[in-house]
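# Close look at the chain arrangement
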Amino acid sequence: MPIIAPSILAANFLQLQQTCAMLNESKADWFHLDIMDGRFVPNISFGIPVVNAIKKATSKILDVHLMIVEPEKYIDDFKKAGADSITVHVEACPHLHRNIQQIKDAGLKAGVALNPHTPICMLENILSDIDMVLIMSVNPGFGGQSFIPNSLHKIKELRKLLNKVAPEVLIEVDGGITLKNAAAVIQSGANVLVAGSAIFNTQHPDATIEQFKMVV
Ligand code: DX5
Ligand code: ZN
């Protein structure tokens, strides 16, 4: 069964408490929290106080996706706010290995995200140091975009490589995931599906999450 990580970015921010309560009762595994700084990506989302508030409303895993430059400045703050895993972008990290060590030294799971144009080979020398790779299947910065089909090739290529060198590393896929394309994403080798609009823009998000859990 895939791990399902609803992206809070698509939720109604005026009703975060009800959203957390709904997700707590649902089959969602993780909360996916998109942090955008208006520099690495052309959009600003929410920050540390919101992560802190959500932490108080759930005991599920907080999967923090940092779309920010200089993430090293904020790892400790996000840990204190309640992050369980932190994913940084390879494109934002000239000292990626150091960033990963910092996340792990903080006692958190470490993920690395790849933009659609960034090849898998960028990760070759750090695969055994990380817990998860996040394949971006849209250009980061906004919810509600369409899935980039080439992402499936990347997932397959990565799964093949991981099977050889670090099979326990999870593949998370983020952007444009729907109930229509989820099966292809899973069959290509992904373990974690992030979905924002495909969950929150439905009448019964909890029922939609249940449908995502059934995808094989
Ligand atoms: C995009 C974010 C995604 C986004 C996904 O930059 O990283 O997590 O919220 O939203 P959907 O599922 O609507 O594409
Ligand atoms: Zn994300």
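Higher on the page you've got the structure.
Reading the values: the criteria
Residues numbered from 1 in each chain as written. Chains lettered and ligands numbered in written order. Predicted model: local features only at pLDDT ≥ 70, side-chain atom pairs only at ≥ 80, totals over all residues. Heavy atoms only, no water. Helix = DSSP H or I, 4+ residues; strand = E, 2+ residues; numbered from the N terminus. Rg over C-alpha atoms; globule rule 2.2 N^0.38 Å. Buried < 20%, exposed > 50% of the residue type's maximum accessible area, 1.4 Å probe, protein only. Near = heavy atom within 4 Å. Polar contact = N/O pair within 3.5 Å; in protein donor to acceptor, adjacent residues only side chain to side chain. 1 Å grid on protein atoms, 1.4 Å probe; cavity = no way out; pocket = protein on both sides within 12 Å on 5 of 7 lines; lining within 4 Å. Sits in = over half its atoms within 2 Å of the grid points. Nonpolar A, V, L, I, M, F, W, Y, C, P; charged D, E, K, R; others polar. Contact = heavy atoms within 4.5 Å. Lys, Arg positive; Asp, Glu negative; His and termini not counted. Salt bridge = Lys/Arg side-chain N within 4 Å of Asp/Glu carboxyl O. Donors = N, O, S within 2.8 Å, 3.2 Å for Na, K, Ca; no water. Tetrahedral: all angles 85-135°; square planar, octahedral: opposite > 155°, others 65-115°. Disulfide = S-S within 2.5 Å. Phe/Tyr/Trp six-rings, centres within 6.5 Å; stacked < 30°, edge-to-face > 60°. Pairing = 2+ DSSP bridges. Right-handed = clockwise from strand over helix to strand, strands pointing away.

Take the overall build of the protein next. Helix and strand counts for the protein come out as 8 helices and 8 strands. In terms of C-alpha radius of gyration, the protein reaches 16 Å, essentially the compact-globule figure of 17 Å for 216 residues. Taken along the three principal axes of its C-alpha coordinates, the protein extends 45 × 35 × 30 Å. Sorting the 216 residues of the protein into buried and exposed places 53% on the buried side.

Near ligand 1 you find 20 residues, and of these Asp34, Gly141, Asp174, Gly196 and Ser197 are the closest. Ser197 has a polar side-chain atom sitting 2.3 Å from an oxygen atom of ligand 1. Mapping ligand 1 onto the cavity grids shows that it belongs to the largest pocket. Secondary-structure elements contributing two or more residues to the shell around ligand 1 are β2 (30-36), β3 (61-67) and β8 (192-195). Per-element accounting of the shell around ligand 1 gives the leading share, 3 residues, to β2. Per-class residue counts for the shell around ligand 1 are 8 nonpolar, 10 polar and 2 charged.

Next up on the list: the side chain of Ser26. As for its position among the elements, Ser26 is in the loop between α1 (16-25) and β2. According to the relative accessible area criterion, Ser26 is buried, its value standing at 10%. A polar contact of 3.0 Å, which involves the side chain of Ser26, links it to the backbone nitrogen of Ala28. If we skip the residues at most four places from it in the chain, Ser26 touches Lys60, Asp206 and Ile209.

In this fold, Asp63 is placed in strand β3. For the buried Asp63, which has no salt bridge, the nearest side chain bearing the opposite charge is Lys109, at an N-O separation of 11 Å. Setting aside its immediate chain neighbours within four residues, Asp63 contacts Ala5, Trp30, Phe31, His32, Leu33, Ser85, Thr87, Met132 and Glu172.

The zinc ion (ligand 2) binds to the protein through His32 (NE2), Asp34 (OD), His65 (ND1) and Asp174 (OD); the donor distances cover 2.0 to 2.3 Å. Viewed at the metal, the 6 donor atoms of the zinc ion (ligand 2) are separated by angles of 69 to 167°, and the geometry they form is octahedral. All donors to the zinc ion (ligand 2) come from one chain, and their sequence spacing reads H-x1-D-x30-H-x108-D. With Asp34 in strand β2 and Asp174 in strand β7 (residues 170-174), this pair connects stretches of sequence that are 140 residues apart. Each of the two residues, Asp34 as well as Asp174, counts as buried.

Here, disulfide denotes a covalent bond that connects the sulfur atoms of two cysteines. Enumeration according to the criterion identifies 0 disulfides in this entry. The closest cysteine sulfur to the non-disulfide-bonded Cys121 is located on Cys93, 17 Å from its own sulfur. When its relative accessible area of 46% is taken as the criterion, Cys121 is described as partly exposed.

To continue, consider the packing of aromatic side chains. Scanning the model with the defined rule gives 1 aromatic pair in all. Note on Phe13 and Phe46: the rings are 5.8 Å apart at their centroids and 85° apart in plane angle, and the pair reads as edge-to-face. Note that Phe13 is positioned in the loop between β1 (3-6) and α1 and Phe46 in the loop between β2 and α2 (48-57), a separation of 33 residues in sequence. Classification of Phe13 by relative accessible area gives partly exposed; the value is 41%.

A word on the pairing of β2. Within β2, 7 of the 7 residues are buried, which leaves the element mostly enclosed by the surrounding structure. Residues Trp30, His32, Asp34 and Met36 line one face of β2 and the alternating positions Phe31, Leu33 and Ile35 line the opposite face, and both faces are buried. Alignment of β2 against β3, held across 7 bridges, turns out to be parallel. Within the sheet, the bridge partner assigned to Met36 lies in β3 and is Met67. As a crossover connection, the stretch from β2 through α2 into β3 is right-handed.

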